[in-house]
Each structure stands twice: as C-alpha cells, then as structure tokens.
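Analysis of the macromolecular model
Chain residues, written in single-letter form:
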Amino acid sequence: MWYEKTGKDNDVVLLSQACISRNIKGFSFPVKMSGDDKENILGMIRQAVGGMGLSFIRSDELEDAAKADLFNRYLTDLNFIRPERKTAFLLSKKEGLACQINGRDHIMVESLRSGSSINFTYKDAEELVSEIERRIPVAFSERFGFLTSDIKNVGTGVQLAYVVIIPGIVKTAGAMNVLSKRLEKYDWAMKPMLQGGDI
C-alpha cells in the first residue's frame, strides 16, 4: 500500500495529495444530472479509457469488503459509493492513483503519496488526466479555464494538499486560529481531519 512506504519528512507529513477535476463537455454537473445521463457518462468514460491499463469498477457492483478496502486506502468516502449514486472508479496499477467518476465532478483524478512529495504526486495525477483529456472532450472556457462544480476549483481544477501532524496544537490556546490566518496569506486553507472528542 502507498501509505506503508516511507516518504520524505513523513514523521511530520503523513501524505501528499493531488486532485484534478474535469467535466465532460455538453453535460450538467453530476448534482444536476439525471440517472440516464450518469449512465451515459459511465459508458463514455469506460469506452474512452480502454487500452489505458486502468480497471473500471462500478460502485454498485462492489462487495462490502472491496468498498472497505477503497475507503481504507483513502481513495473514496462512504457517501460516494452509495449504490444509487451511479458512481465508478478507474484504478491504476500505480499504487495511490485512481479516478472517481460522477462524484462532485464527472472525473476526479486523485494521487496520494506518503510524506512530502507534492511534485511527484501532482505529476502522477497530471499524466493520467492529460491522457483522459486526449480521449474525451472536457468543459473548458477560454475566459475561465476548466469548468468545475466548485467555484474555488474553476480554472485549473487542481487541489493540492498535505496531511500533517501538529502535536498538541488543539491544546494551545488560539494556535489553530493563528496558524490558519498565516496560511491565508499564501492562499492556503487548513482543515482539521479530526474535530472534537478524544482521538
């Protein structure tokens, strides 16, 4: 598993994550799509990625153990794999690289690596999404860039993140707010993985 490997600075940085979202030209965003359109998206993508060495897996065909495995590998959340959502995955042979279909956007490529390695993490995701773009017409505006369901991602469609360990920060009065304000200067956002209660 990708998270069992030793990465750079992984005593502080648990993982590096790159997510790249794309939508198919001519279709509404998934939240507004009919069930038939979602099926069309699944069919289009399945056909388009043939020969790329990816495994196409529909969420509604997964056994509970397989769903738990994807969840434990940080490749999905439980909401995404509900049977009525008409979602699917493209799984790469490269560990920690996958693509969600019909989530918030039609396509979301996610790359994960242990430790601080955001450049390599992004490169893996970018290579996969570029190959998909060559095969499927994506929604792009000359004015706004790549169109996504989340206004914050319009333009590049890219989100980069580190998951870091900051021991004792919740017990230091005001430290979370101070750190959050400093990060805003760089256009970064801080989101605690766990909030409230004992770990």
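Residues numbered from 1 in each chain as written. Predicted model: local features only at pLDDT ≥ 70, side-chain atom pairs only at ≥ 80, totals over all residues. Heavy atoms only, no water.

A word on the overall build of the protein
A tally of regular secondary structure across the protein gives four helices and eight strands. Secondary structure of the protein in N-to-C order comes out as β-α-β-α-β-β-β-α-β-β-β-α. Relative to its full complement of 199 residues, the protein shows a buried share of 41%. At a minimum sequence separation of 6, the contacts of the protein that also span at least 24 residues come to 65%. (Helix = DSSP H or I, 4+ residues; strand = E, 2+ residues; numbered from the N terminus. Buried < 20%, exposed > 50% of the residue type's maximum accessible area, 1.4 Å probe, protein only. Contact = heavy atoms within 4.5 Å.)

Here's the deal with the nonpolar core
With 24 residues, the main nonpolar core has Ile45, Leu90, Ile101, Ile107, Val109 and Ile132 as its most contacted residues. Those elements giving two or more residues to this core turn out to be strand E1 (13-22), helix H1 (35-48), strand E3 (88-91), strand E4 (97-101), strand E5 (107-114) and helix H3 (118-135). Membership of the second largest hydrophobic core comes to 11 residues, among which are Leu62, Leu70, Phe80 and Leu112. (Core = buried A, V, L, I, M, F, W, Y, C linked by side-chain atoms within 4.5 Å.)

Brief notes about the side chain of Thr148
The residue Thr148 is located in the loop between strand E7 (145-146) and strand E8 (158-164) in this model. A polar atom in the side chain of Thr148 sits 2.8 Å from the backbone oxygen of Asp150. There is a polar contact of 3.4 Å between the side chain of Thr148 and the backbone nitrogen of Val154. Once residues within four sequence positions are removed from consideration, Thr148 is found in contact with Ser21, Asn23, Phe29, Asp105, Asn153, Val154 and Gly157. (Polar contact = N/O pair within 3.5 Å; in protein donor to acceptor, adjacent residues only side chain to side chain.)

Details of the pairing of E4
Burial within E4 is extensive, with five of its five residues counted as buried. Because side chains alternate across E4, one face comprises the buried residues Leu97, Cys99 and Ile101, and the other comprises Ala98 and Gln100, equally buried. With four bridges connecting them, E3 and E4 associate as antiparallel partners. Along E4, the bridge assignment pairs Phe89 with Gln100. Hairpin geometry of E3 and E4 is characterised by an intervening segment of five residues between the two adjacent antiparallel strands and by a positive phi of about 85° at Gly96. As defined by bridge partners, E4 adjoins E5 across five bridges and the pair is classed as antiparallel. Following the sheet pairing, Ala98 is matched in E5 by Glu110. (Pairing = 2+ DSSP bridges.)

Some remarks on the sheet that holds E8
Here we have six strands laid out as an open sheet, ordered E2-E3-E4-E5-E1-E8, and antiparallel in their pairing. Looking at strand neighbours, the two that pair on one side only are strand E2 (55-58) and E8, the edges of this open sheet. Neighbour to neighbour, the strand axes of the sheet diverge by 20° on average, direction disregarded. Where E1 meets E5, eight bridges bridge the pair, whose relative direction is antiparallel. Bridging from a neighbouring strand, Leu15 pairs with Ser114 of E5. (Axes fitted to C-alpha atoms, helices over the stretch in contact; angles between N-to-C directions.)

Regarding the environment of Met176
Inspection of the secondary structure assignment puts Met176 in helix H4 (residues 175-184). C-alpha of Met176 to C-alpha of Met190: the two residues are 14 residues apart in sequence and 8.8 Å apart in space.

So, unusual backbone geometry
Within the chain, Lys86 stands out as a residue other than glycine whose phi angle is a positive 55°. Within the fold, Lys86 resides in the loop between helix H2 (64-72) and E3. According to the relative accessible area criterion, Lys86 is partly exposed, its value standing at 26%. Positive phi values are uncommon outside glycine, yet Asn102 reaches one of about 70°.

Remarks on a nonpolar patch on the surface
Taken together, the side chains of Tyr162, Val164 and Ile166 make up a nonpolar region of the molecular surface, amounting to roughly 250 Å² of accessible area. Tracing the chain through its elements places Tyr162 in strand E8. Residue Tyr162 is classed as partly exposed on the basis of its relative accessible area of 40%. (Patch = residues over 30% accessible without salt bridge, like charges linked within 9 Å, V, L, I, M, F, W, Y side chains within 5 Å. Areas by Shrake-Rupley, 256 points an atom, 1.4 Å probe, with all protein chains shown as cover. Salt bridge = Lys/Arg side-chain N within 4 Å of Asp/Glu carboxyl O.)

Some points on H3
A rise of 1.5 Å per residue sets the reference length of H3, with its 18 residues, at 26 Å; its end C-alpha atoms lie 26 Å apart and thus fit the reference within 8%. Those residues of H3 that sit buried are Ile118, Thr121, Asp124, Ala125, Leu128, Val129, Ser130 and Ile132. Buried residues along H3 sit against E1, E3, E4, E5 and E8. (Expected span 1.5 Å × (residues − 1).)

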